[in-house]
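A closer look at the structure
Spelled out from the first residue to the last, the chains are:
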Amino acid sequence: MTSEDLAAVGLRLDIDGPVATVTLDRPDVRNAQTPAMWIALGEIGRTLPDDVRVVVVAGEGETFSAGLDRAMLDPSASLEAGQQSVVGLLALSDEDASARIEEFQRGFTWLRDPRFVSIAKVRGHAIGAGFQLALSCDLRVVADDAKFSMKESTLGLVPDLTGTKPLVEHVGYARALEICATARVVPAEEAVRIGLATASVPSDELDAAVADLAAALSAPMPGVVPETKALLQGAADRDLDEQRRLEREAQVRRFRAVAAALAG
Ligand code: CAA
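Residues numbered from 1 in each chain as written. Predicted model: local features only at pLDDT ≥ 70, side-chain atom pairs only at ≥ 80, totals over all residues. Heavy atoms only, no water.

So, the environment of Gly 61
With respect to the helices and strands, the residue Gly 61 is situated in the loop between strand E3 (54–59) and helix H3 (94–109). Each C-alpha atom, one on Gly 61 and one on Arg 115, is 29 Å from the other, the two residues being 54 residues apart in sequence. (Helix = DSSP H or I, 4+ residues; strand = E, 2+ residues; numbered from the N terminus.)

Pasting the structure below:
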């Protein structure tokens, strides 16, 4: 996709060496998200250069993302060309509506790819789809004014953009249920305490903190971090024998890669 295509759906992609930054760029509506944006996010994931090792997801301005653009839920709203509304799902069969949502979800799932580590850089609000986008990333580094809230329940909806599994993994079932069902705000300090965010820093230090982290994640030999991510990602779902088999196999690959690098 060209930068014009991305701009048309409120996105920016900047690639600087091994670090790609995807920015939600609709600050006038607090980086509210649309189906067209989700489809484009999935396309970014499919076409990202192989040598990208870190993906930073950020929001332009003081708010990470206010979640779903409310115009997408308004049957009377006039949508820009290329936009599809969420209300349009009502006209589809259950199977077709579910398939359409799966397309939307691909805008979120690519951030789990072991090829790179994804970091959500969160200032201000991360609401609904915004919270789920942050949850799709491996790591969340937040400004001390960050506020997460899963507002779907207040609209009569459930979180369906791939956020429920990582939320349970990070904070546990009971806390996840309480956060989703009450739609309350989780502030930065609590987000760090309950394992949702890895660090909270003053807002004016956030860019530097994320840049330092991205540099540290890009420093090891190519291949090490992807192997490590793949090992850790599924560890909770595997038994010890399966996990230690995967550790051995990964290590044999690493020994060979290190030996080849030393020989070359
Ligand atoms: N969709 C469309 N426009 C939005 C928006 C949204 N989700 N959130 C904010 N905006 C617009 C406002 O309408 C306003 O536009 P105007 O300047 O034209 O009036 C502009 O952004 C600024 O908004 P505020 O003045 O409210 O800005 P703020 O900084 O004081 O507050 C906010 C920011 C806390 C995010 C507040 O705007 C807000 O609560 N927004 C609604 C959040 C929301 O309920 N999102 C839906 C979440 S559920 C979800 O995402 C569903 C799903 O996935 C299925």
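Continuing now.
What to know about the pairing of strand E1 (residues 11–16)
Bridge count for E1 against strand E2 (residues 19–24) is 6 bridges, and the pairing is antiparallel. Of the residues in E2, the one forming a bridge with Asp 14 is Thr 21. With antiparallel pairing between neighbouring strands as the criterion, E1 and E2 make up a hairpin whose turn holds 2 residues, including Gly 17 at a positive phi of roughly 60°. (Pairing = 2+ DSSP bridges.)

As for the sheet that holds strand E5 (residues 125–127)
Reading across from one edge, E5-E7-E8 is the order of the 3 strands in this open sheet, with mixed pairing throughout. Each having just a single partner strand, E5 and strand E8 (186–187) make up the two edges of the open sheet. As paired strands, strand E7 (residues 147–149) and E8 are joined by 2 bridges and run antiparallel to one another. Residue pairing across strands places Phe 148 opposite Val 186, the latter belonging to E8.

Quick look at helix H5 (residues 164–171)
By the burial criterion, the buried members of H5 are Pro 166, Leu 167 and Val 171. Taken down its axis, H5 places every buried residue within 105° of arc, on the same side. Directly after H5, the chain includes Gly 172, whose backbone phi takes a positive value near 90°. (Buried < 20%, exposed > 50% of the residue type's maximum accessible area, 1.4 Å probe, protein only. Arc of directions from axis to C-beta.)

Notes on unusual backbone geometry
Positive phi, close to 55°, is recorded for Asn 31, a residue that is not glycine. With respect to the helices, strands and loops of the structure, Asn 31 is situated in the loop between E2 and helix H2 (35–47). For Asn 31, a relative accessible area of 0% puts it in the buried group. Non-glycine residue Ala 183 carries a positive phi angle of around 60°. Considering the arrangement of structural elements, one finds Ala 183 in the loop between helix H6 (173–182) and E8.

A few points about the nonpolar core
By size, the foremost hydrophobic cluster in this structure holds 47 residues, and its most contacted members are Leu 11, Val 55, Trp 110, Val 122, Phe 148, Leu 167 and Leu 196. A per-element tally of this core places H2 first, with 6 residues. Among residues more than four places away in sequence, those in contact with Val 122 are Phe 64, Ala 134, Val 141, Val 142, Ala 143, Ala 146, Phe 148 and Leu 206. Within the second largest apolar cluster, 14 residues are counted, among which are Val 117, Val 201, Val 210 and Ala 214. (Core = buried A, V, L, I, M, F, W, Y, C linked by side-chain atoms within 4.5 Å. Contact = heavy atoms within 4.5 Å.)

By themselves, these are just geometric observations and shouldn't be taken as functional.
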